[in-house]
Amino acid sequence: AQSVTQLDSQVPVFEEAPVELRCNYSSSVSVYLFWYVQYPNQGLQLLLKYLSGSTLVESINGFEAEFNKSQTSFHLRKPSVHISDTAEYFCAVVAGAGSYQLTFGKGTKLSVIP
Amino acid sequence: EAGVAQSPRYKIIEKRQSVAFWCNPISGHATLYWYQQILGQGPKLLIQFQNNGVVDDSQLPKDRFSAERLKGVDSTLKIQPAKLEDSAVYLCASSLGPGIDTQYFGPGTRLTVL
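Values in this document were obtained by computation on a predicted structure and should not be read as measured data.

A. Spotlight on the sheet that holds strand 8 (residues 75–79) of chain B. Residues and elements named next belong to chain B. Reading across the sheet, the four strands line up as 1-3-8-7 and stay open at both edges, with antiparallel pairing between neighbours. With partners counted over all chains shown, the strands left at the sheet margins are strand 1 (5–7) and strand 7 (65–68), one partner each. Averaged over all adjacent pairs, the angle separating strand axes in this sheet is 15°, with direction ignored. For strand 1 and strand 3 (residues 19–24), the ladder comprises three bridges, and the chain directions are antiparallel. Directly across from Ala5, in strand 3, lies its bridge partner Asn24.

B. View of the packing of aromatic side chains. Evaluated as defined, the whole model comprises 13 aromatic pairs over all chains. Their ring planes at 40° and their centres at 6.4 Å tell us that Phe65 of chain B and Tyr90 of chain B sit as a pair that is tilted. On the criterion of sequence distance, the pair formed by Phe65 of chain B in strand 7 and Tyr90 of chain B in strand 9 (residues 88–95) is long-range, its members being 25 residues apart. The same class applies to Phe65 of chain B as to Tyr90 of chain B, namely buried. Counting every residue linked through ring pairs, the aromatic cluster contains Phe34, Tyr36, Phe90 and Phe104 of chain A together with Tyr33, Tyr35 and Phe105 of chain B.

C. Fine view of the state of the cysteines. A full pass over the atoms with the stated rule returns two disulfides over all chains. Sulfur-sulfur distance for the disulfide between Cys23 of chain A and Cys91 of chain A comes to 2.0 Å. Torsion about the S-S bond of the Cys23 of chain A and Cys91 of chain A cystine: about -65°, corresponding to left-handed handedness. Highlighted residues: Cys23 of chain A in the loop between strand 3 (19–21) and strand 4 (24–26) and Cys91 of chain A in strand 10 (residues 87–95), separated in sequence by 68 residues. The same class applies to Cys23 of chain A and to Cys91 of chain A, which are both buried. Between the sulfur atoms of Cys23 of chain B and its disulfide partner Cys92 of chain B the distance amounts to 1.9 Å. Between Cys23 of chain B and Cys92 of chain B, the disulfide has an S-S torsion of -70° and is therefore left-handed. Taken together, the positions of Cys23 of chain B in strand 3 and Cys92 of chain B in strand 9 put the pair 69 residues apart, joining distant regions of the chain.

D. The arrangement of the interface of chain B and chain A in detail. Between chain B and chain A, the contact holds 19 residues from the first and 18 residues from the second. Summed over both partners, the interface of chain B with chain A comes to about 1400 Å²; 58% of that surface belongs to carbon and sulfur atoms. Between the two partners, chain B and chain A, sit zero salt bridges. Linking chain B with chain A are four residue pairs in polar contact (both at pLDDT 80 or more). Those elements that place two or more of their residues in the side of chain B that touches chain A are strand 4 (31–37) and strand 5 (44–50) of chain B. Taken together, the residues of the side of chain B that touches chain A sort by class into seven nonpolar, 11 polar and one charged.

E. Expanded view of the pattern of salt bridges. With the rule as written, the count across this model stands at five salt bridges over all chains. Among the ionic pairs, Asp85 of chain A bridges to Lys78 of chain A, the shortest N-O distance being 2.8 Å. The pair formed by Asp85 of chain A and Lys78 of chain A is uniform in burial state, with each residue classed as buried. Between Asp86 of chain B and Arg64 of chain B there is a salt bridge; the shortest N-O distance is 2.5 Å. Here Arg64 of chain B lies in the loop between strand 6 (53–56) and strand 7 and Asp86 of chain B lies in the loop between strand 8 and strand 9, a separation of 22 residues in the sequence.

F. Region of the structure containing unusual backbone geometry. At the junction of Ser7 of chain B and Pro8 of chain B, the peptide bond is cis and its omega measures out at -10° in the coordinates. Mapped onto the elements of the fold, Pro8 of chain B is located in the loop between strand 1 and strand 2 (10–13). Across the junction of Gln80 of chain B and Pro81 of chain B, the peptide omega takes the value -5°, indicating a cis bond. Inspection of the secondary structure assignment puts Pro81 of chain B in the loop between strand 8 and strand 9. Although it is not a glycine, Glu16 of chain A adopts a positive phi angle of roughly 75°. Inspection of the secondary structure puts Glu16 of chain A in the loop between strand 2 (10–14) and strand 3. Even without glycine at this site, Asn51 of chain B takes up a positive phi of about 55°. Take Asn51 of chain B: it is sitting in the loop between strand 5 and strand 6. Note on Asn51 of chain B: relative accessible area 41%, which makes it partly exposed.

Conventions and cut-offs
Residues numbered from 1 in each chain as written. Chains lettered and ligands numbered in written order. Predicted model: local features only at pLDDT ≥ 70, side-chain atom pairs only at ≥ 80, totals over all residues. Heavy atoms only, no water. Pairing = 2+ DSSP bridges. Helix = DSSP H or I, 4+ residues; strand = E, 2+ residues; numbered from the N terminus. Axes fitted to C-alpha atoms, helices over the stretch in contact; angles between N-to-C directions. Phe/Tyr/Trp six-rings, centres within 6.5 Å; stacked < 30°, edge-to-face > 60°. Buried < 20%, exposed > 50% of the residue type's maximum accessible area, 1.4 Å probe, protein only. Disulfide = S-S within 2.5 Å. Contact = heavy atoms within 4.5 Å. Buried area = accessible area lost by both parts, 1.4 Å probe. Salt bridge = Lys/Arg side-chain N within 4 Å of Asp/Glu carboxyl O. Polar contact = N/O pair within 3.5 Å; in protein donor to acceptor, adjacent residues only side chain to side chain. Nonpolar A, V, L, I, M, F, W, Y, C, P; charged D, E, K, R; others polar.

Structure (structure tokens):
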């Protein structure tokens, strides 16, 4: 079975500073990796995903994540955050066999400080 | 395009009572999911439907939880009888197909069991 660990439950960061949200996974088979975001009072929405090909994937609002197979990680980064990035971020994994169930981490609350 | 609709948004009941949640997925989406998100944790899959058939209900507490998706469109999730530990947000999601297709989430139903 697969699992996801998000090492930081809360990350405060000043506006325009860089940020990294960490995500590690465990799985005995190949994986597909996702980051979902939940803005205040809104539903979960997909931010970006890695399915295959280039290990560096980007979102439309400046976030990027890199799939690192040797370190079993899929950390999310942004070089300069905005107030509007304040949200909870969830890393999730689908193992490439069996039921294709989406397994989520516990989430990281990103607070951007003006 | 309309998103995933859920109702009610909030529900407060006493333990041992029953409750039902409703979900209307995005039009044309064959796959529907119900997740449970307990405070401080990531969403956990309860049940997955493909059209009106159950694909995965391995984490559904079948002694008290039931779900159906009649005609392969709307779905209801029922809890009977409710326990204190059922207090959570219940999320419905849909996707075009199973596996790694992007899941679109509804706003959720926040259940409080007293």
